[in-house]
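The residues making up each chain are set out below.
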Amino acid sequence: QVQPVESGGGLVQAGGSLRLSCVGSGRTFSSYAMGWFRQAPGKERECVAAVSRSGGTTYYADSVKGRFTISRDNAKNTVYLQMNSLKPEDTAVYYCAARTRDYTGIYYPSTYDYWGQGTQVTVSS
């Protein structure tokens, strides 16, 4: 099992940057593909970025391409989400999740096995 724990959320002005971190407990972190999801009030949870077990393949939602970067450090059991040029519409609770399957269908929330508690990101205009 792996238990994701997110950190790094906060309040930032539009155009600013934040870096989210997610540490996964357990010895088999590299066995899991990892994803970052977000959920705004009244909206469905969506995948903003995901990365394969090795880190060699990534997925980005169209709304964040060119602004967000996902990366992972398996030696540190950590996955990161670097968020630049933030917009008010990026405001949401951001969740880190892990799944045993690798890349196929990596953007579907229902395919993830373990979820963190979430961290709030608020972008002011």
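For the structure, check the block above.
This text gives an overview of the structure that appears in the document. All of these numbers come straight from a predicted model, not from anything done at the bench.

1. So, the overall build of the chain
Helix and strand counts for the chain come out as zero helices and 11 strands. Counting from the amino terminus, the chain carries its helices and strands in the arrangement β-β-β-β-β-β-β-β-β-β-β. Relative to a compact globule of 125 residues, whose C-alpha radius of gyration would be 14 Å, the chain shows 13 Å and is just as compact. Each principal axis of the C-alpha distribution contributes one length, and for the chain these read about 40 × 25 × 25 Å. Residues counted as buried form 44% of the 125 residues belonging to the chain. Here the chain contributes 13 positively and 9 negatively charged side chains, and the mean placements of these two sets differ by 4 Å.

2. Remarks on the pairing of strand E1 (residues 4-7)
The two faces of E1 differ: Pro4 and Glu6 on one face are buried, but Val5 and Ser7 on the other face are not. Here E1 pairs with strand E3 (residues 18-24) via four bridges, running antiparallel. Considered in E3, the bridge of Ser7 is made with Ser21.

3. Overview of the nonpolar core
Core analysis: the biggest nonpolar cluster contains 28 residues, and Met34, Trp36, Ile70, Val79, Leu81, Met83 and Tyr94 have the highest contact counts within it. Looking at this core, the elements that each hand over two or more residues are E3, strand E4 (33-39), strand E5 (46-51), strand E7 (68-73), strand E8 (78-83), strand E9 (92-99) and strand E11 (119-124). The element that contributes the greatest number of residues to this core is E9, accounting for four residues. Each residue touching Met83, except ones within four places of it in the same chain, is listed here: Gly16, Ser17, Leu18, Leu20, Arg67, Phe68, Tyr94 and Val121.

4. Observations concerning the state of the cysteines
This structure, assessed with the given rule, holds one disulfide. Between the sulfur atoms of Cys22 and its disulfide mate Cys96 the distance is 2.1 Å. Between Cys22 and Cys96 the sulfur-sulfur dihedral comes to about -80 degrees; the bridge is accordingly left-handed. Residue Cys22 is found in strand E3, and its partner Cys96 is found in strand E9; the two are separated by 74 residues along the sequence. In this pair, the class of Cys22 matches that of Cys96, namely buried. Cysteine Cys47 is unpaired, with the sulfur of Cys96 as its nearest cysteine sulfur at 11 Å.

Each value, and the rule that gives it
- Residues numbered from 1 in each chain as written.
- Predicted model: local features only at pLDDT ≥ 70, side-chain atom pairs only at ≥ 80, totals over all residues.
- Heavy atoms only, no water.
- Helix = DSSP H or I, 4+ residues; strand = E, 2+ residues; numbered from the N terminus.
- Rg over C-alpha atoms; globule rule 2.2 N^0.38 Å.
- Buried < 20%, exposed > 50% of the residue type's maximum accessible area, 1.4 Å probe, protein only.
- Lys, Arg positive; Asp, Glu negative; His and termini not counted.
- Charge placed at Lys NZ, Arg CZ, Asp CG, Glu CD.
- Pairing = 2+ DSSP bridges.
- Core = buried A, V, L, I, M, F, W, Y, C linked by side-chain atoms within 4.5 Å.
- Contact = heavy atoms within 4.5 Å.
- Disulfide = S-S within 2.5 Å.

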